[in-house]
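Residues per chain are reported as follows:
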Number of protein chains: 2
Amino acid sequence: MPHISTKGREMPPSPIRKLVPYAEAAKQKGLKIYHLNIGQPDIQTPEVMLNAIRNYSDKIVEYSHSAGIESYRKKLTEYYNRYSIQVDFSEIIITTGGSEAIEIAMMSCLDPGDEIIIPEPFYANYNGFCTQANVKIVPIQSSIETGFALPPISEFEKLIGLKTKAIMICNPSNPTGYLYSKSELESLAALVKKHDLWLFSDEVYREFCYDAKPYTSVMHLKGIENNVVMLDSISKRYSACGARIGAFVSHNKEVMNTALKFAQARLSPPTFGQIAAEAGIDTPESYFNEVKEEYVSRRDYLVSALNSMEGVFCPKPSGAFYCIARLPIDNSDAFCQWLLEEFSFENQTVMLAPATGFYSHPGLGLDEVRIAYVLNLNDLKNAMTCLKHALDAYPNKRMHKAELSGSGKA
Amino acid sequence: MPHISTKGREMPPSPIRKLVPYAEAAKQKGLKIYHLNIGQPDIQTPEVMLNAIRNYSDKIVEYSHSAGIESYRKKLTEYYNRYSIQVDFSEIIITTGGSEAIEIAMMSCLDPGDEIIIPEPFYANYNGFCTQANVKIVPIQSSIETGFALPPISEFEKLIGLKTKAIMICNPSNPTGYLYSKSELESLAALVKKHDLWLFSDEVYREFCYDAKPYTSVMHLKGIENNVVMLDSISKRYSACGARIGAFVSHNKEVMNTALKFAQARLSPPTFGQIAAEAGIDTPESYFNEVKEEYVSRRDYLVSALNSMEGVFCPKPSGAFYCIARLPIDNSDAFCQWLLEEFSFENQTVMLAPATGFYSHPGLGLDEVRIAYVLNLNDLKNAMTCLKHALDAYPNKRMHKAELSGSGKA
């Protein structure tokens, strides 16, 4: 039997999906599971997008341009303009989800053995994309005590070496919900300029910024226009994860020409998804206002409920629809599995994502979980009731030092 | 300004799309262009697929399973059964086009520096996928004189070394239209077994086999079940190139588990395309009969028209909708550009794909072009009239030795 590649063996399985068999077994036992483990929102896709699909009238489902349908790319520049991002349509390549935008960025800018610095915890699938490209992630730790703010620039400096080619951020962040401030991003820009690095920024949650805090894009930063690649997706914006439409955006002509070669190899992004996405740009403002209001009330309830549980700490995030909570547990993988395998409260349980999957340093995230507030308030309340009972019942509890001394909840 | 990766610089631009700017300029001058350069069929997508899209009734466009919608995968096993390919749905991962199936095969089975043997001329984008994976293509030359039959196994043997990990074929072939016989495939199977290599087979044109010649899949071959990966796509089958739905198929459980990790990293294939594809399995047999009849009449006309031109030789292919023709020209890149830039007949011209892009050995394909018979008979006739006049007018003609001596048209 021929051998699987080293790359294939090293490719990490999805840490978010690895608990699925336990969830399936729990469902077979008749348990109701509250899924707070994945970023699949329960919000409806805008009607304008669904109507565009229902009104599809072409007779042949043709390839689009490799860079995406031109009318969609042109309209997308209007969308970006609303966020004060000034781009020409030639500075946009439509990708198959944000995932492909990341893959193309890795391949266009980094070679096997190159290093990329990423603040951890980070979106777990970055591990996979870097393994695919034989790129090494150098993690820099952000901390729950600061709500996962950008680590000090001096800490980045310590990690920059000859092989460092890029820094990658996610803003607002999956999995932490942290929204980087303008000054944090400006300090990062100075560092990027000093060392002439690539700056990749995954900004797929820009619609979800709360508490009147401003969204700053890497596309707003002055003096590093040629260093910046913005990675985007409509998946969360319009609750259209299955459309698989993203974007690779840069002012750097050389990187656009390079990315186009990768885009040409795979021919074109999905035609149906692009049609829905183009229609989506006309989604009324009221849609987003309602969605944001909904997420804010969920977040407010969730963070307050979590912090009222003994030994639990959850900083209040200002963006996206995730939070990371520290729990009084020994091992988040074991705990999340136990929730599905051994626990139930009134025939219900809750599925969470162990935070270990979002850290690159081994041993980090053992007492943390990521919670996606993608369920309605009523379900969230039931889920938190389950979690409270679960923490009471869990046999391998361990209080965090900060909790024992009463600090850490500031 | 940060550096583009070596990989990005080495990534080949699409040889098929590189003439596009000249075509655009010709259109601006008011010329009508017959596009025989790309595999975008003019055949209509089956109504059952378009109706499935028009009847889309979900409220949220959700991620599907990373391996694809289960009901689609199950129904796809019925489709394969019609071709005597026995697979379980767990042996299928739905991909974003055939392109992604190839990318996943490369990454799952080959490491940077590994070698893959591919008979040339081959589908030009294989170059891109191998560059992405840092895999080296070792071409083995097939010849226009044999109609591009499988090269002798002894020639393969000469190329197999320590780094050889795989052989890849396309059957029926893009760009040659050649349909491998059962005995050719059995001899390849023996070689694959002897050296324990991977055998990747791109079989996206299986619907297009002519002259009552049988289609043999690598999935039919005995004794190499664990070596075989079949790469598939609905793009050509249903004239649904823009749906971006393909498949990665293998009996090898280890390679399926590995491929699933790559599939999980990019979350899921396009939902709309999968819905159309699932409906497509109910496309009536009459659709394919009509399409095949249409392609056969186009091929018969085209091959006969080409061979009647002075100094032209075109073997008659038994599959797909391409042929490779040898023309009395110095340089196919220059000739195809000249057709767009300098030539016209009654305000019309023809766009062809230079065969150089389908060869890996430099210097091969200089007197060959690939012609896709994706236009109706009337347009094809006009296109051939243009080509005949163009060959008369082309200033850099060069007769092939075989033509001069009268052979080569057997």
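Quick notes on the rules
- Residues numbered from 1 in each chain as written.
- Chains lettered and ligands numbered in written order.
- Predicted model: local features only at pLDDT ≥ 70, side-chain atom pairs only at ≥ 80, totals over all residues.
- Helix = DSSP H or I, 4+ residues; strand = E, 2+ residues; numbered from the N terminus.
- Rg over C-alpha atoms; globule rule 2.2 N^0.38 Å.
- Buried ≥ 20, exposed ≤ 12 C-beta atoms within 10 Å, placed from the backbone.
- Least-squares fit on C-alpha atoms with pLDDT ≥ 70 in both.
- Contact = placed C-beta atoms within 7 Å.
- Pairing = 2+ DSSP bridges.
- Domains from an automatic or database assignment.
- Nonpolar A, V, L, I, M, F, W, Y, C, P; charged D, E, K, R; others polar.
- Axes fitted to C-alpha atoms, helices over the stretch in contact; angles between N-to-C directions.
- Parallel < 35°, antiparallel > 145°, perpendicular 65-115°, else oblique.
- Left-handed = near helix turned anticlockwise from the far one by under 90°.
- Expected span 1.5 Å × (residues − 1).
- pLDDT = per-residue confidence, 0-100.
- Right-handed = clockwise from strand over helix to strand, strands pointing away.
- Arc of directions from axis to C-beta.

### Topic: the overall build of chain A
Line of reasoning, step 1. The helix and strand tally for chain A stands at 14 helices and 12 strands.
Line of reasoning, step 2. Scaling as 2.2 N^0.38, a compact globule of 410 residues should have a C-alpha radius of gyration of about 22 Å, and chain A matches this with 21 Å.
Line of reasoning, step 3. Looking at chain A residue by residue over its 410 residues, the buried ones come to 55%.

### Observations concerning the relation of the copies chain B and chain A
Line of reasoning, step 1. Of the transformation superimposing chain B on chain A, the axial component is 0.0 Å and the angular component is 180 degrees, with the fit at an RMSD of 0.0 Å. Taken together, the rotation and translation relating the two chain copies correspond to the operation of a two-fold axis. Closest to the rotation axis within chain B is the C-alpha of Arg54 of chain B, separated from it by 2.0 Å.
Line of reasoning, step 2. The residues that chain B uses at the interface reappear at the interface of chain A in 100% of cases, marking a shared surface.

### Focus: the environment of Tyr295 of chain A
Residue and element names in this part refer to chain A.
Line of reasoning, step 1. Structurally, Tyr295 is set in helix α11 (residues 285–307).
Line of reasoning, step 2. Along the chain, Tyr295 and Asn134 lie 161 residues apart, while their C-alpha atoms are 37 Å from each other.
Line of reasoning, step 3. Tyr295 has contacts with Phe208, Phe321 and Tyr373, leaving out every residue within four places of it along the chain.

### With respect to the sheet that holds strand β12 (residues 368–372) of chain B
Residues and elements named next belong to chain B.
Line of reasoning, step 1. What the three strands build is an open sheet, ordered β9-β12-β11; its pairing is antiparallel. Edge positions in the sheet fall to β9 (322–326) and β11 (353–354), since each of these pairs with one other strand and no more.
Line of reasoning, step 2. Sheet topology places β9 next to β12; five bridges connect them, and they run antiparallel. Across the sheet, residue Ala325 finds its bridge partner in β12, namely Val369.

### Quick word on the interface of chain B and chain A
Line of reasoning, step 1. At the junction of the two partners, chain B supplies 65 residues and chain A supplies 65 residues.
Line of reasoning, step 2. The element contributing the most residues to the side of chain B that touches chain A is helix α9 (residues 253–265) of chain B, with seven residues.

### Some words on the pairing of strand β2 (residues 92–95) of chain B
Residues and elements named next belong to chain B.
Line of reasoning, step 1. Both faces of β2 are covered, namely the face carrying Ile92 and Ile94 and the face carrying Ile93 and Thr95.
Line of reasoning, step 2. Direction of pairing for β2 relative to strand β8 (residues 246–249): antiparallel, over a ladder of four bridges. What sits directly across from Ile92, in β8, is Val249.

### Some thoughts on the domain arrangement of chain A
Residues and elements named next belong to chain A.
Line of reasoning, step 1. Domains assigned within chain A are domain 1 (6–44 + 286–404) and domain 2 (47–280).
Line of reasoning, step 2. The gap between the C-alpha centroids of domain 1 and domain 2 is 26 Å.
Line of reasoning, step 3. Contacts between domain 1 and domain 2 engage 37 residues on the former and 31 residues on the latter.
Line of reasoning, step 4. Where the side of domain 1 that touches domain 2 is concerned, the elements lending two or more residues are α1 (6–10), α11, β9 (322–326) and β12 (368–372).
Line of reasoning, step 5. Residue composition of the side of domain 1 that touches domain 2, by class: 20 nonpolar, 10 polar and seven charged.

### Some details on the sheet that holds strand β7 (residues 228–233) of chain B
All names here are of chain B.
Line of reasoning, step 1. Pairing within the open sheet is mixed, and its seven strands lie in the order β2-β8-β7-β6-β5-β3-β4. Two strands lie at the open edges of the sheet, namely β2 and β4 (136–141), each paired on one side alone. In this sheet, adjacent strand axes meet at a mean angle of 20 degrees when their direction is disregarded.
Line of reasoning, step 2. Strand direction decides the pairing type here: strand β3 (residues 115–120) and β4, joined by six bridges, are parallel. Residue Ile118 lies in a different strand from β4, and its bridge partner there is Pro139.

### Quick word on the packing of helix α2 (residues 20–28) of chain B against helix α12 (residues 332–341) of chain B
All names here are of chain B.
Line of reasoning, step 1. Between α2 and α12, the shortest axis-to-axis distance is 8 Å and the interhelical angle comes to 20 degrees. In terms of axis orientation, α2 runs roughly parallel to α12. You can see that α2 and α12 cross each other, and the crossing is left-handed. Facing α2, whose interface residues are Tyr22, Ala23 and Ala26, α12 presents Gln337, Leu340 and Glu341.
Line of reasoning, step 2. Looking at side-chain class alone, the contact of α2 with α12 contains four nonpolar, one polar and one charged residues.

### Thoughts on the packing of helix α5 (residues 97–109) of chain A against helix α9 (residues 253–265) of chain A
Residue and element names in this part refer to chain A.
Line of reasoning, step 1. Packing of α5 against α9 brings their axes to within 9 Å, and their N-to-C directions diverge by 120 degrees. Between α5 and α9, the angle falls in the class oblique. Considering only the axes of α5 and α9, their crossing is right-handed. Each of Ile104, Met107, Ser108 and Cys109 in α5 lies in contact with α9, whose residues at this interface are Val255, Thr258, Ala259, Phe262 and Ala263.
Line of reasoning, step 2. Within the contact of α5 with α9, the residues separate by chemical class into seven nonpolar, two polar and no charged.

### A short note on the environment of Lys193 of chain A
All names here are of chain A.
Line of reasoning, step 1. Looking at where Lys193 falls in the secondary structure, it is placed in helix α8 (residues 182–195).
Line of reasoning, step 2. When the 16 C-beta atoms within 10 Å are taken as the criterion, Lys193 is described as partly exposed.
Line of reasoning, step 3. C-alpha of Lys193 to C-alpha of Gly246: the two residues are 53 residues apart in sequence and 27 Å apart in space.
Line of reasoning, step 4. Dropping the residues within four chain positions of it, Lys193 is found in contact with Gly223 and Ile224.

### Some thoughts on helix α13 (residues 377–393) of chain A
Line of reasoning, step 1. The end-to-end C-alpha distance of α13 of chain A, which contains 17 residues, comes to 24 Å, matching closely the 24 Å that a straight helix rising 1.5 Å per residue would cover.
Line of reasoning, step 2. Of the surrounding secondary structure, the elements contacted by the buried residues of α13 of chain A are β1 (32–35), α11, α12 (332–341) and β10 (348–351) of chain A.

### Some words on the environment of Ile153 of chain B
Residues and elements named next belong to chain B.
Line of reasoning, step 1. Here Ile153 shows up in helix α7 (residues 153–159).
Line of reasoning, step 2. Placed 62 residues apart in sequence, Ile153 and Tyr215 show a C-alpha to C-alpha distance of 20 Å.
Line of reasoning, step 3. With residues up to four places along the chain from it excluded, the contact list for Ile153 reads Ser187 and Leu191.

### Notes on the confidence of the model for chain A
Residues and elements named next belong to chain A.
Line of reasoning, step 1. Confidence along chain A averages 95 in pLDDT terms, with 97% of residues attaining 70 or more.
Line of reasoning, step 2. Throughout residues 405–410 the model reports pLDDT below 50, and contacts reaching past four residues in sequence, or to other chains, amount to seven contacts.
Line of reasoning, step 3. Reported confidence for the predicted complex is 0.95 by ipTM and 0.95 by pTM.

### Digging into unusual backbone geometry
All names here are of chain B.
Line of reasoning, step 1. Put simply, Glu120 and Pro121 share a cis peptide bond, and its omega is 0 degrees.
Line of reasoning, step 2. Residue placement: Pro121 occurs in the loop between β3 and α6 (125–132).
Line of reasoning, step 3. Here the bond from Asn171 into Pro172 is cis, since omega is -10 degrees, no more than 30 degrees from zero.
Line of reasoning, step 4. As for its placement among the helices and strands, Pro172 is situated in the loop between β5 (164–170) and α8 (182–195).
Line of reasoning, step 5. For Glu346, which is not glycine, the phi dihedral falls at a positive 50 degrees.
Line of reasoning, step 6. Mapped onto the fold, Glu346 is located in the loop between α12 and β10 (348–351).

### Digging into the pairing of strand β6 (residues 198–202) of chain B
Residues and elements named next belong to chain B.
Line of reasoning, step 1. The element β6 is extensively covered by neighbouring structure, given that five of its five residues are classed as buried.
Line of reasoning, step 2. Of the two faces of β6, the one lined by Trp198, Phe200 and Asp202 and the one lined by Leu199 and Ser201 are each fully buried.
Line of reasoning, step 3. With five bridges joining them, β5 and β6 adopt parallel strand pairing. Within the sheet, the bridge partner assigned to Ile167 lies in β6 and is Leu199.
Line of reasoning, step 4. For the segment spanning β5, α8 and β6, crossover handedness is right-handed.
Line of reasoning, step 5. Here β6 runs beside β7; their pairing, made up of four bridges, is parallel. Bridge assignment links Ser201 to a residue of β7, and that residue is Met230.

### Brief notes about helix α13 (residues 377–393) of chain B
Helical geometry note: an α-helix holds 3.6 residues per turn, so side chains three or four residues apart project in the same direction.
Residues and elements named next belong to chain B.
Line of reasoning, step 1. Buried within α13 we find Leu380, Ala383, Met384, Cys386, Leu387 and Ala390. Down the axis, α13 shows its buried residues gathered within 160 degrees of arc, on one side only. Facing away from the buried side of α13, by more than 90 degrees, are the exposed residues Asn378 and Asp392.
Line of reasoning, step 2. Those residues of α13 hidden inside the fold are in contact with β1 (32–35), α11 (285–307), α12 and β10.

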